[in-house]
Amino acid sequence: MLPPELPPLPALTRAECDVVDGYLAVVDLVGRLNPARGGDTYAALRAAQALPARTVELRDALARMHTRGESELHAGTLARALRVLDGERRAGRVALPRDTSA
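J.: Quick question: what am I supposed to make of the overall build of the chain here?
T.: Across its full length, the chain carries four helices and zero strands. In the chain, the succession of helices and strands from N to C terminus is α-α-α-α. Here the chain has a C-alpha radius of gyration of 16 Å; the compact-globule value for 102 residues is 13 Å, and the former is much larger. Overall size of the chain, expressed as C-alpha extent along the three principal axes, is 50 × 40 × 30 Å. Long-range contacts, defined here as pairs at least 24 residues apart, represent 80% of the contacts in the chain between residues at least 6 apart. When the accessible surface of the chain is split by element, carbon and sulfur atoms take 58% of a total near 7,500 Å². For the chain, the separation between the mean place of its 14 positive charges and that of its 13 negative charges on side chains is 3 Å.

Quick look at the structure:
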């Protein structure tokens, strides 16, 4: 059985695509750095080392949008794109896990 087909990505400019991709890359790295999630120090170190380069890519994508006159982030459209790309689960790794000791 085939998995359900994902909804199509909304129409985005190239810079908006770069913003979404850059944002998710940063979120993934911060999720790997989350000390409350456990893991090993080497993986967290690698994520920390990669974080500056990814934030520069995100900054550059936002600067391109600004330079082109794209002065507004269309939250609804970008949120749809993030959901299609599994952004809710990926961003959830940044949050503290529920306290199950109670």
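J.: Can you help me understand the pattern of salt bridges in this one?
T.: Under the counting rule described, the total for this entry stands at seven salt bridges. Salt-bridge contacts for Arg64 lead to Asp18; the nearest nitrogen and oxygen are separated by 2.6 Å. Pair noted here: Arg64 is in helix α2 (residues 41–67) and Asp18 is in helix α1 (residues 14–33), with a separation of 46 residues, a long-range link. Close ionic contact of Asp86 with Arg89 constitutes a salt bridge, the shortest N to O distance being 2.5 Å. Owing to a relative accessible area of 33%, Asp86 belongs among the partly exposed residues under this scheme.

J.: Got a minute to help me understand the nonpolar core in this structure?
T.: Inside soluble globular proteins, nonpolar side chains tend to come together where they are buried. Core analysis: the biggest nonpolar cluster contains nine residues, these being Ala15, Val19, Val26, Leu29, Ala47, Leu51, Leu58, Ala61 and Met65. Elements with a minimum of two residues in this core: α1 and α2. For this core, the leading source of residues is α2, giving five residues. For Leu51, the residues in contact, after removing those within four places along its chain, are Val26, Leu29, Val30 and Leu33.

J.: Which parts of the structure should I look at to understand the packing of α1 against helix α3 (residues 75–84)?
T.: Two numbers describe a pair of packed helices, the interaxial angle and the distance between the axes. With their axes 11 Å apart at the nearest point, α1 and α3 run at an angle of 50 degrees to one another. Classified by the interaxial angle, the pair formed by α1 and α3 is oblique. Note on packing geometry: the crossing formed by α1 with α3 is right-handed. Across the interface between the two elements, Glu16, Val20, Tyr23 and Leu24 of α1 pack against Leu78, Ala81 and Leu82 of α3. Residues belonging to the contact of α1 with α3 are distributed by class as follows: six nonpolar, no polar and one charged.

J.: How should the environment of Ala43 be read in this particular structure?
T.: Among the secondary structure elements, Ala43 is positioned in helix α2. Taking the C-alpha atoms as reference points, Ala43 and Leu33, 10 residues apart in sequence, are found 8.0 Å from one another.

J.: What exactly am I supposed to notice about the environment of Leu51 here?
T.: Structurally, the position occupied by Leu51 is in helix α2. For the pair Leu51 and Arg14, spaced 37 residues apart in sequence, the C-alpha separation works out to 22 Å.

Thresholds, definitions, all that
Residues numbered from 1 in each chain as written. Predicted model: local features only at pLDDT ≥ 70, side-chain atom pairs only at ≥ 80, totals over all residues. Heavy atoms only, no water. Helix = DSSP H or I, 4+ residues; strand = E, 2+ residues; numbered from the N terminus. Rg over C-alpha atoms; globule rule 2.2 N^0.38 Å. Contact = heavy atoms within 4.5 Å. Areas by Shrake-Rupley, 256 points an atom, 1.4 Å probe, with all protein chains shown as cover. Lys, Arg positive; Asp, Glu negative; His and termini not counted. Charge placed at Lys NZ, Arg CZ, Asp CG, Glu CD. Salt bridge = Lys/Arg side-chain N within 4 Å of Asp/Glu carboxyl O. Buried < 20%, exposed > 50% of the residue type's maximum accessible area, 1.4 Å probe, protein only. Core = buried A, V, L, I, M, F, W, Y, C linked by side-chain atoms within 4.5 Å. Axes fitted to C-alpha atoms, helices over the stretch in contact; angles between N-to-C directions. Parallel < 35°, antiparallel > 145°, perpendicular 65-115°, else oblique. Left-handed = near helix turned anticlockwise from the far one by under 90°. Nonpolar A, V, L, I, M, F, W, Y, C, P; charged D, E, K, R; others polar.

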